[in-house]
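Structure at a glance
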Amino acid sequence: MMKNSLFIFLFVLAVSCASNKPYDKQIKSIKGYQDSINVSVELFDEYNRIVFEKTSQIIDDWDGELLTWMTANIYDGNRKTHEYYAHSNHILRETVFDYYPDGELQGEYYRTYDGTIAVRNEFGAIHSFTSPDSLINYIKHEIPDNIRLRSTSESYLEYFDTFTDSSGLIVKEYLTLEMDSSLIEQVVMKYDRNGNLVFYRTDSPTNSDIIEYKYNSSGKIEEEIETYDIVNDRIQRKVYLYEDKDYIKELFYHGENLAFTYEYFYQDSLLVKKVTNRITDATGFKNRPRKEVIEYVYEFYEQ
């Protein structure tokens, strides 16, 4: 589905300079540990494609329970054929990708299960999973058989256009409409002459969002400004500081107030430690520790 791929692209762009994960090397796995608790797993195949990704979050008032979400991917040749996703607190989803004989994606089909209303962390068993097979088997067992695969695109049309605007920026525009031509989503992305994404806007009937990106003279992302409430001009901002090749610091502001700092430490171009400091006391973040330290362990394929 177009929207999913756009969000993945933006996520990679926004964190690539801060994480600098060396996917061009033969990494087999990356595991993250916080206070000796395994809070992240990434597994890669021999082609550097991610086959399993897991993230857990320690929540102070959950009596030791962990909020966990994870994804498993299956490939056939160079095509992703299945994606399995689970969030311990609210959803299980299976997605199937169907292709034409020439390899072009024909459609996506999914089935989801939201579990029982008001049950906290109903799918918390997934935290123990460390492989794609464990997740896939769990989802196949837990999603009721009467939930059938349905198309993600049967009720709308997607349009794409690309052009150069008056300031010389390359513009890519995506438009998603219901069959009656009512708007589902409009996405506009603008790139500079170096291919850097400098502007991203999405509009839907319920929300509009703008993100602007600024780069330094070396082409590294320097600032990211998101206006998530256009009507009231409410923003959040990320500033990236590159002090040396082994250390990057990210400042995350809610409006004008510093909310979080993130420090990234590298060794031989590999991220080995991430330190998160919570400054904000906003209600939605109070159950997060003041300081989180995650250390990463790598496993490589034999050359």
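One structure accompanies this document, and this report is about it. (Residues numbered from 1 in each chain as written. Predicted model: local features only at pLDDT ≥ 70, side-chain atom pairs only at ≥ 80, totals over all residues. Heavy atoms only, no water.)

Helix and strand counts for the protein chain come out as two helices and 19 strands. Taken over the C-alpha trace, the protein chain has a radius of gyration of 21 Å; the compact-globule value for 303 residues is 19 Å, and the two agree within 12%. Each of the three principal axes of the protein chain carries a C-alpha extent, and together these read 55 × 50 × 50 Å. In the protein chain, buried positions account for 41% of the 303 residues. Excluding contacts between residues fewer than 6 apart, the proportion of contacts in the protein chain whose partners are at least 24 apart in sequence is 32%. Carbon and sulfur atoms make up 48% of the accessible area of the protein chain, which totals about 17,200 Å². Charge-centre separation for the protein chain: the mean point of 33 positive side chains lies 3 Å from the mean point of 52 negative side chains. (Helix = DSSP H or I, 4+ residues; strand = E, 2+ residues; numbered from the N terminus. Rg over C-alpha atoms; globule rule 2.2 N^0.38 Å. Buried < 20%, exposed > 50% of the residue type's maximum accessible area, 1.4 Å probe, protein only. Contact = heavy atoms within 4.5 Å. Areas by Shrake-Rupley, 256 points an atom, 1.4 Å probe, with all protein chains shown as cover. Lys, Arg positive; Asp, Glu negative; His and termini not counted. Charge placed at Lys NZ, Arg CZ, Asp CG, Glu CD.)

Here the focus is the nonpolar core. Judged by nonpolar contacts, the single largest core of 17 residues is most densely connected at Phe 52, Met 70, Ala 86, Leu 92, Leu 135 and Ile 139. Among the secondary structure elements, those contributing two or more residues to this core are β2 (37–44), β3 (50–58), β4 (66–76), β5 (79–87) and α2 (132–142). Here this core takes four residues from α2, the largest share from any one element. (Core = buried A, V, L, I, M, F, W, Y, C linked by side-chain atoms within 4.5 Å.)

Let us look at the side chain of Asp 209. Checked against the element boundaries, Asp 209 lands in strand β13 (residues 208–215). Arg 201 provides the closest opposite charge to the buried, unpaired Asp 209, separated from it by 8.9 Å. Aside from chain neighbours lying at most four places away, what touches Asp 209 is Tyr 200, Arg 201, Thr 202, Glu 226, Thr 227, Tyr 228 and Ile 230. (Salt bridge = Lys/Arg side-chain N within 4 Å of Asp/Glu carboxyl O.)

Turning our eyes to something else, we now look at the packing of aromatic side chains. Inspection of the entire model under this criterion finds eight aromatic pairs. Residues Phe 260 and Phe 285 carry aromatic rings whose centres are separated by 5.3 Å and whose planes lie at 75° to one another, so their mutual orientation is edge-to-face. Taken as a pair, Phe 260 in strand β17 (residues 257–267) and Phe 285 in the loop between β18 (270–278) and β19 (291–300) lie far apart in primary sequence, 25 residues in all. Look at Phe 260 and you get buried, because its relative accessible area is 1%. Residue classification places Phe 285 among the partly exposed residues on the basis of a relative accessible area of 26%. Site record: aromatic cluster; members linked through ring pairs are Phe 252, Phe 260, Tyr 262 and Phe 285. Here the guanidinium or amino end of Arg 237 rests over the ring plane of Tyr 253, the centre of that ring lying 4.4 Å away. Seen from the ring of Phe 265, Lys 273 lies directly overhead, with NZ or CZ sitting 5.0 Å from the centre. (Phe/Tyr/Trp six-rings, centres within 6.5 Å; stacked < 30°, edge-to-face > 60°. Lys NZ or Arg CZ within 6 Å of the ring centre and 35° of its normal.)

Within α2, burial applies to Pro 132, Leu 135, Ile 136, Tyr 138 and Ile 139. All buried residues of α2 fall inside an arc of 165° around its axis, so they share one side. For α2, exposure combined with an orientation more than 90 degrees from the buried face picks out Asp 133, Asn 137 and His 141. Against the buried residues of α2 lie β2, β3, β4, β5 and β6 (91–99). (Arc of directions from axis to C-beta.)

So, about the environment of Asp 45. With respect to the helices, strands and loops of the structure, Asp 45 is situated in the loop between β2 and β3. Residue class for Asp 45 comes out buried when judged on its relative accessible area of 10%. Separated by 18 residues in the primary sequence, Asp 45 and Ile 27 place their C-alpha atoms 8.4 Å from one another. The residues touching Asp 45, leaving out its near neighbours within four places in the chain, are Val 51, Tyr 75 and Tyr 301. Within the structure, Asp 45 has its side chain in polar contact with the side chain of Arg 49 (distance 2.8 Å). (Polar contact = N/O pair within 3.5 Å; in protein donor to acceptor, adjacent residues only side chain to side chain.)

Relative to β19, strand β1 (residues 27–34) is paired through six bridges, and the arrangement is antiparallel. Residue pairing across strands places Lys 31 opposite Val 297, the latter belonging to β19. (Pairing = 2+ DSSP bridges.)

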